[in-house]
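A look at the structure
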There are 2 protein chains.
Amino acid sequence: MAKGPNSLEFILLGLLTLRPSTGYDLKKTMDISVRYISPVALSQIYPTLKRMTQNGLVTYRLVERRGKTDLKIYSITRAGQELFLKWLAEPHKPDPYRFDTFTLRFYFSSLLDKATLLNHIRTELAFRQVQLDIARNLKLNDLGDMAPIEELDMTRTVKFWELYHQYGLQFMETYTNWLKYIRGVVEKGI
Amino acid sequence: MAKGPNSLEFILLGLLTLRPSTGYDLKKTMDISVRYISPVALSQIYPTLKRMTQNGLVTYRLVERRGKTDLKIYSITRAGQELFLKWLAEPHKPDPYRFDTFTLRFYFSSLLDKATLLNHIRTELAFRQVQLDIARNLKLNDLGDMAPIEELDMTRTVKFWELYHQYGLQFMETYTNWLKYIRGVVEKGI
DNA sequence: TATCTCATGTAATACGTTACATGATTGC
DNA sequence: GCAATCATGTAACGTATTACATGAGATA
């Protein structure tokens, strides 16, 4: 998703595929689902929807309410729909530094056929397994060899770094295990 | 770390506490340690070091080399050192959306006394346990109740959301388990 | 000969957060 | 009466990424 729409636009298109909503509603939905860990700000949603409207990916209709602010009910356009489904299906390119390019796609994968989805999962899994191997073989001790300032106990410092490194490894392991799990689920037919 | 220096400045100060280095070296060190999963760009390091120099947190001395670009060997100033140690020790405030405000601090915690460090770990752990409970009780089915467009199989869609949700939960579990683990290690004496 | 590593940076752009601004309704 | 929720947004700022620019020495 390097070029063109960013991940928020992707989420918005995905959610608007399911049902028309206001910006406010979209945020609420995200808060309890896709973005429940890291909520998005409304002040980011509104300009994004505006830009997407200008780009013809979404439209809205105004609903007047006595005394209150008008509602803007957004829905996805045919162009937006096509773009979204194209992204969903297009060959997956794992991003070394981020998992969410995959997980986000997976989130909306009920719109995808089984074969394409399995390809995505396998591509991502293969990549993460290689990455995990590399991380496992990272020699932290090399760092301990660097000359530090005199007063410092470098052996002890490196112990902290190792614990930190374990944290990173455990994350990657958790992720690859989850990938294997969903691969199984999808293979059996979801 | 909302105000003042951001996490990159924090890392830079931490690494420069250990030994003077060039911007290039700092990147290399980060690549195989603190930032091995998500490398930082050199084009971000150089301006950051420049800004930190202006703010009196670091200084550099030039080392000329025949034909090649001059080296800028950065080291931390007394002011930078004080600021860094103050941050390390100051009461930990968990950030709901990011783990790295804690993990980064932990990375440099060999410079911290046991009692303060244990406080940090316990604060973070308590917070994450509450957060994990909330996430576990999130009712995804509520989402399934929303009226989708007609053609959509909402039951199937929700299954994907549940799998996605499991991914988030597993991350949080892995993290809290790691926190318990390091708490044990630190309690026993590292 | 060509690519990689070393070593420095700037400029433009994209992305995200915080603060600010407004105002009605609902629940405690 | 006060806070939270609903509902819209703008402006300023901070952070991060990508592209651009330069050039030597080492390695394949």
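Above: the structure in question.
Everything numeric in this text was worked out from a predicted model, so none of it was measured.

**A short note on the interface of chain A and chain B**
- The partner chain B presents 55 residues to the 55 residues of chain A that form the contact.
- Carbon and sulfur atoms make up 71% of the surface buried where chain A meets chain B, a total of about 5,500 Å² over both sides.
- Sorting the residues of chain A by area buried against chain B places Phe-160, Tyr-164 and Ile-190 of chain A first, and these three jointly supply 14% of that buried surface.
- Joining chain A to chain B, the criterion identifies zero salt bridges.
- Seen at the junction of chain A and chain B, the total is 15 residue pairs in polar contact (both at pLDDT 80 or more).
- Elements that contribute at least two residues to the side of chain A that touches chain B include exactly helix H1 (7-18), helix H5 (100-107), helix H6 (114-137) and helix H8 (154-188) of chain A.
- Each residue belonging to the side of chain A that touches chain B can be placed in one class, and the counts come to 39 nonpolar, 13 polar and three charged.

**Digging into the protein's contact with DNA strand D**
- Neighbouring DNA strand D are 19 residues, the closest being Tyr-24, Tyr-46 and Lys-72 of chain A together with Ser-43 and Gln-44 of chain B.
- The contact in question runs from a phosphate oxygen of DNA strand D to an N or O atom on the side chain of Tyr-24 of chain A, over 2.9 Å.
- Contact between DNA strand D and Tyr-46 of chain A: a phosphate oxygen at 2.9 Å from a side-chain N or O atom of the residue.
- Elements represented by at least two residues in the surface near DNA strand D include exactly helix H2 (23-31), helix H3 (42-54) and strand E2 (71-76) of chain A together with helix H3 (42-54) of chain B.

**Re the packing of aromatic side chains**
- With the rule as written, the count across this model stands at 39 aromatic pairs over all chains.
- Residues Tyr-107 of chain B and Phe-108 of chain B carry aromatic rings whose centres are separated by 4.9 Å and whose planes lie at 85° to one another, so their mutual orientation is edge-to-face. Assigned by exposure class, Tyr-107 of chain B and Phe-108 of chain B land together as buried.
- Just above the ring of Tyr-60 of chain A sits the side chain of Lys-72 of chain A; from NZ or CZ to the centre is 4.5 Å.

**Some details on H2 of chain A**
- When we look at burial in H2 of chain A, the residues that qualify are Gly-23, Leu-26, Lys-27, Thr-29 and Met-30 of chain A. What you see down the axis of H2 of chain A is that its buried residues fit within an arc of 165°, all on one side.

**Structural notes on the relation of the copies chain A and chain B**
- Each copy superposes on the other: chain A lies on chain B with an RMSD of 0.1 Å after a rotation of 180° and an axial shift of 0.0 Å. The transformation relating the two chain copies, once decomposed into turn and shift, fits a two-fold axis.
- Take the interface residues of chain A: 100% of them recur as interface residues in chain B, which is what a same-surface contact looks like.

**Here we look at the pattern of salt bridges**
All names here are of chain A.
- Enumeration according to the criterion identifies 16 salt bridges over all chains in this entry.
- For Arg-122, the salt bridge is made with Glu-187, and the minimal N-O distance between the two is 3.1 Å. One end of the pair, Arg-122, is in helix H6; the other, Glu-187, is in helix H8, with 65 residues separating them in the sequence.
- The structure contains a network of salt bridges with shared partners spanning Asp-133, Arg-136 and Glu-173.

**Observations regarding the layout of surface pockets**
- Of the voids in this model, the largest pocket is the one considered here, and its volume is about 1,400 Å³.
- Listed by contribution, the elements that provide at least two residues to the lining of the largest pocket are H1, H5 and H8 of chain A together with helix H1 (7-18), helix H5 (100-107) and helix H8 (154-188) of chain B.
- The element that contributes the greatest number of residues to the lining of the largest pocket is H8 of chain B, accounting for five residues.

**Re the packing of H1 of chain B against helix H2 (residues 23-31) of chain B**
Residues and elements named next belong to chain B.
- For the pair H1 and H2, the least separation of the axes is 11 Å and the interaxial angle reads 100°. Taken together, the axes of H1 and H2 are roughly perpendicular relative to one another. Every residue of H2 that contacts H1 at Leu-8, Ile-11, Leu-12, Leu-15 and Leu-16 is listed here: Leu-26, Thr-29 and Met-30.
- Partitioning the contact of H1 with H2 into residue classes produces seven nonpolar, one polar and no charged.

**Some remarks on the packing of H5 of chain A against H8 of chain B**
- Packing of H5 of chain A against H8 of chain B leaves a shortest axis separation of 8 Å and a crossing angle of 150°. Regarding the angle of H5 of chain A to H8 of chain B, the classification is roughly antiparallel. Of the residues in H8 of chain B, those touching H5 of chain A at Thr-103, Leu-104, Phe-106 and Tyr-107 of chain A are Phe-160, Trp-161, Leu-163, Tyr-164 and Tyr-167 of chain B.
- Of the residues that constitute the contact of H5 of chain A with H8 of chain B, the class distribution is eight nonpolar, one polar and no charged.

**Notes on the protein's contact with DNA strand C**
- In the region of DNA strand C, 19 residues are neighbours, and Ser-43 and Gln-44 of chain A together with Tyr-46, Lys-50 and Lys-72 of chain B sit closest.
- Near the protein, meaning within 4 Å, the atoms of DNA strand C are sugar or phosphate in a fraction of 69%, with bases accounting for the rest.
- Take Gln-44 of chain A: an N or O atom from its side chain is 2.7 Å from a phosphate oxygen of DNA strand C.
- Side-chain polar atom of Lys-72 of chain B to a phosphate oxygen of DNA strand C: 2.3 Å apart, as the coordinates give it.
- No other element matches the four residues that H3 of chain B contributes to the surface near DNA strand C.

Definitions and cut-offs
- Along each chain, residue indices are assigned from 1 in the same order as the chain's sequence is written.
- The lettering of chains begins at A and the numbering of ligands begins at 1, in the order of writing.
- Totals for whole chains, interfaces and linings use every residue, but because this is a predicted model, local features are given only for residues with pLDDT of at least 70 and side-chain atom pairs only at 80 or more, for both listing and counting.
- Note: side-chain values were computed over all heavy atoms of the structure, leaving out hydrogens and water.
- Any two residues having at least one pair of non-hydrogen atoms within 4.5 Å are treated as being in contact.
- When two parts are put together, the accessible area they lose, computed with a 1.4 Å probe and summed over both, is reported as buried area.
- For this document, the term salt bridge refers to a Lys or Arg side-chain nitrogen within 4 Å of an Asp or Glu carboxyl oxygen.
- In protein, a polar contact requires one atom able to donate a hydrogen and another able to accept it; more generally it is a pair of N or O atoms within 3.5 Å, and residues adjacent in sequence count only if both atoms are side-chain atoms.
- Numbering of helices and strands runs from the N terminus, with a helix taken as a DSSP run of H or I at least four residues long and a strand as a DSSP run of E at least two residues long.
- Residue classes follow a fixed rule: Ala, Val, Leu, Ile, Met, Phe, Trp, Tyr, Cys and Pro count as nonpolar, while Asp, Glu, Lys and Arg count as charged, and any other residue, Gly among them, counts as polar.
- We call a residue near a molecule or strand as soon as one heavy atom of that residue lies within 4 Å of the molecule or strand.
- The pairing test for Phe, Tyr and Trp rings, Trp by its six-membered ring, is centres within 6.5 Å, and the orientation test on the planes gives stacked under 30 degrees, edge-to-face over 60, and tilted for anything in between.
- For every residue, the accessible area obtained with a 1.4 Å probe (protein chains only) is divided by the maximum for its type, and the residue is called buried under 20%, exposed over 50%, and partly exposed between those limits.
- We call a charge positioned over a ring when the NZ of a Lys or the CZ of an Arg lies within 6 Å of the ring centre and within 35 degrees of the ring normal.
- Taking the helix axis as origin, the arc is that swept by the directions to the C-beta atoms.
- The atoms used to superpose the copies are C-alpha atoms, taken from residues with pLDDT of at least 70 in both, and the fit is least squares.
- The definitions used throughout rest on a 1 Å grid laid over the protein atoms alone, on which a cavity is an enclosed set of points accommodating a 1.4 Å probe that cannot get out and a pocket is an open set flanked by protein within 12 Å on both sides along at least five of seven lines; lining residues are those having an atom within 4 Å of a point.
- Grid points are joined across faces, edges and corners, and a volume is the space filled by probe spheres set on the points.
- Axis geometry follows a simple rule: fit a line to the C-alpha atoms, using only the stretch in contact for helices, then measure angles between N-to-C directions, giving values from 0 to 180 degrees.
- Working definition: roughly parallel below 35 degrees, roughly antiparallel above 145 degrees, roughly perpendicular at 65 to 115 degrees, and oblique for all remaining angles.

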